[in-house]
Amino acid sequence: MQRDTLVFDLIRQELERQRRGIELIASENFTSLQVMQAMGNVMTNKYAEGYPGRRYYGGCEIVDQTEQLAIDRLCQIFNVEYANVQPHSGAQANAALMLAILQPGDAILGLDLSMGGHLTHGSAVNFSGKLYKPHFYGVGKEDGLVDYDMLEAKAREVKPKLIICGASAYSRDWDYARIRRVADEVGAFVMADIAHPAGLIAKGLLNYPFDHCHFVTSTTHKTLRGPRGGVIMMKKDFENPFGLKDVKGNLRMMSNLIDMAVFPGTQGGPLEHVIAAKAIAFGEILTPEFQSYQEQVQKNAQAMAAAFTSRGYQIISGGTDNHLMLIDLRNKNISGKKAEQVLGHADITANKNMVPYDDKSAFVTSGVRFGVAAITTRGMVEKDMEFVVNAIDRSLMQADDAAALAGIKKEVNEFMSQFALYPEMG
Ligand code: DSN
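First, a word on what this report is: a plain description of the structure on this page. Because the structure is a prediction, the values reported are computed rather than measured. (Residues numbered from 1 in each chain as written. Predicted model: local features only at pLDDT ≥ 70, side-chain atom pairs only at ≥ 80, totals over all residues. Heavy atoms only, no water.)

**Brief notes about the packing of helix H6 (residues 148-158) against helix H7 (residues 176-186)**
(1) Moving on: Running from N to C, H6 and H7 point in directions that differ by 15°, and their axes come no closer than 10 Å. On the basis of their axis angle, the class for H6 and H7 is roughly parallel. Viewed along their axes, H6 and H7 form a crossing whose handedness is right-handed. Facing H6, whose interface residues are Tyr-148, Asp-149, Leu-151, Glu-152, Ala-155 and Arg-156, H7 presents Arg-178, Ile-179, Val-182, Glu-185 and Val-186.
(2) Moving on: Across the contact of H6 with H7, the residue classes break down as 6 nonpolar, no polar and 5 charged. (Axes fitted to C-alpha atoms, helices over the stretch in contact; angles between N-to-C directions. Helix = DSSP H or I, 4+ residues; strand = E, 2+ residues; numbered from the N terminus. Parallel < 35°, antiparallel > 145°, perpendicular 65-115°, else oblique. Left-handed = near helix turned anticlockwise from the far one by under 90°. Contact = heavy atoms within 4.5 Å. Nonpolar A, V, L, I, M, F, W, Y, C, P; charged D, E, K, R; others polar.)

Spelled out as structure tokens, the structure:
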């Protein structure tokens, strides 16, 4: 077979783009070389529908071992009893979990997407808003913090079957215990979607959700720095208290219902090559280096937030506990859409984001979201946040000056050349 130079050239170009730019998309990171290498391996050739030791295909004795290793390491990281590492993504993990515990039409309660929530937490354009009856809580208009009074009032009013906590653009920690209290009162399950802060939770830098939330889902590629994918976890497997049954009417342990909801419920063959990469990433998370990395992520986010605040930028909730921040740009007279475009011209990558109570559409937005997980992997420390924020500020303040943006881009490229990315790739 002739080498497809067209596609490999594009992959090379993407590597160069990642190398020269400042990556601030809060959901992105750079995997280790070994995690990336593991994703391109012969396990992609293997069908392994089922679970370790109980597959529907022969020849699974090796992939059984990598999948079991991934499960065991993930359980060790979060000190939990049950994990499913097969979801192809965070959205798939959430879909499977909901399929396991809900019936179509059941009420669910999540953080509003426009307040920092996620599409799979009940958005009208997502399966979660189409199959189930979504209700939402929000954040306070003044303080930008999750309004737990609103959450409790809504829960008492709509009696959801599931309360979802977790967000994609919320920079503060969660009060899981309080959410569990109201869930118990109204007879709801609690699910925490920790896709964004999972790495910080893994290293004890944020509240531990597993004691209070029945289920925890996550992606593996954000702060966990693994391959693109999803997982579902439970602290303790339990006989389901609401008497949920499988299609044959049998009462099942929760782990069984979840496994069945992933496969055959929502997925076919697991991506065993990606699961091998997950196992490697989970091994990395168990090392002391990963503790230092997460601590640096938190310090960098706080340094970045302070640098923005000192330049008059308004951070929703006034700061950050985790790896990201959401900035309301209205006092800077630039939309999120324009900011994203302008920063792109300076090789700074970020995404526009609605802010709570936004008066602009999701396509325009008043905000921009920044995260530091990726630049921390590149090796940046607190003092580097000053350069990054300065470059962002100068870009936004000279948004229509192409020559100025070209000059900043040059500075950015020079600055990034000191932080090696995959030097082994030449
Ligand atoms: N797309 C992810 C993010 O950027 O937060 C969430 O799925």
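**Regarding the environment of Arg-12**
(1) Moving on: The topology assignment puts Arg-12 in helix H1 (residues 5-20).
(2) Moving on: With 79 residues separating them along the chain, Arg-12 and Ala-91 place their C-alpha atoms 29 Å apart.

**Things to note about the site of the ligand**
(1) Moving on: Around the ligand, the neighbouring residues are Ser-27, His-118, Ser-168, His-196, Lys-222 and Arg-369.
(2) Moving on: Contact between the ligand and Ser-27: an oxygen atom at 2.7 Å from a side-chain N or O atom of the residue.
(3) Moving on: At a separation of 2.7 Å, an oxygen atom of the ligand approaches a polar side-chain atom of Arg-369.
(4) Moving on: Relative to its unbound accessible surface of 230 Å², the ligand loses 63% to contact with the protein.
(5) Moving on: For the shell around the ligand, the per-class residue count stands at no nonpolar, 4 polar and 2 charged. (Near = heavy atom within 4 Å. Polar contact = N/O pair within 3.5 Å; in protein donor to acceptor, adjacent residues only side chain to side chain. Areas by Shrake-Rupley, 256 points an atom, 1.4 Å probe, with all protein chains shown as cover.)

**Considerations on the sheet that holds strand E11 (residues 314-315)**
(1) Moving on: Strand order in the open sheet formed by 4 strands is E11-E12-E15-E14, with antiparallel pairing between adjacent strands. Only two strands of the sheet have a single neighbouring strand rather than two, namely E11 and strand E14 (351-353).
(2) Moving on: Strands E14 and strand E15 (367-371) of the sheet are contacted by helix H12 (residues 336-345), whose axis makes an angle of about 170° with E14. (Pairing = 2+ DSSP bridges.)

**Here we look at the side chain of Gln-267**
(1) Moving on: By secondary structure assignment, the location of Gln-267 is in the loop between helix H9 (254-266) and helix H10 (272-285).
(2) Moving on: Of note is the side chain of Gln-267, whose polar atom sits 3.3 Å from the side chain of Gln-92.
(3) Moving on: Apart from the residues lying within four places of it in its own chain, the contact partners of Gln-267 are Gln-86, Pro-87, His-88, Gln-92 and Val-262.

**A short note on the pattern of salt bridges**
(1) Moving on: Applying the stated criterion across every chain, the model contains 24 salt bridges.
(2) Moving on: For Arg-55, the salt bridge goes to Glu-272, with nearest N and O atoms at 3.4 Å. Of this pair, Arg-55 sits in strand E3 (residues 54-55) while Glu-272 sits in helix H10, and the two are 217 residues apart along the sequence.
(3) Moving on: Judged by relative accessible area, which is 0%, Glu-272 ranks as buried.
(4) Moving on: In this structure, the salt-bridge partner of Asp-359 is Arg-330, at a minimum N-O distance of 3.3 Å. (Salt bridge = Lys/Arg side-chain N within 4 Å of Asp/Glu carboxyl O. Buried < 20%, exposed > 50% of the residue type's maximum accessible area, 1.4 Å probe, protein only.)

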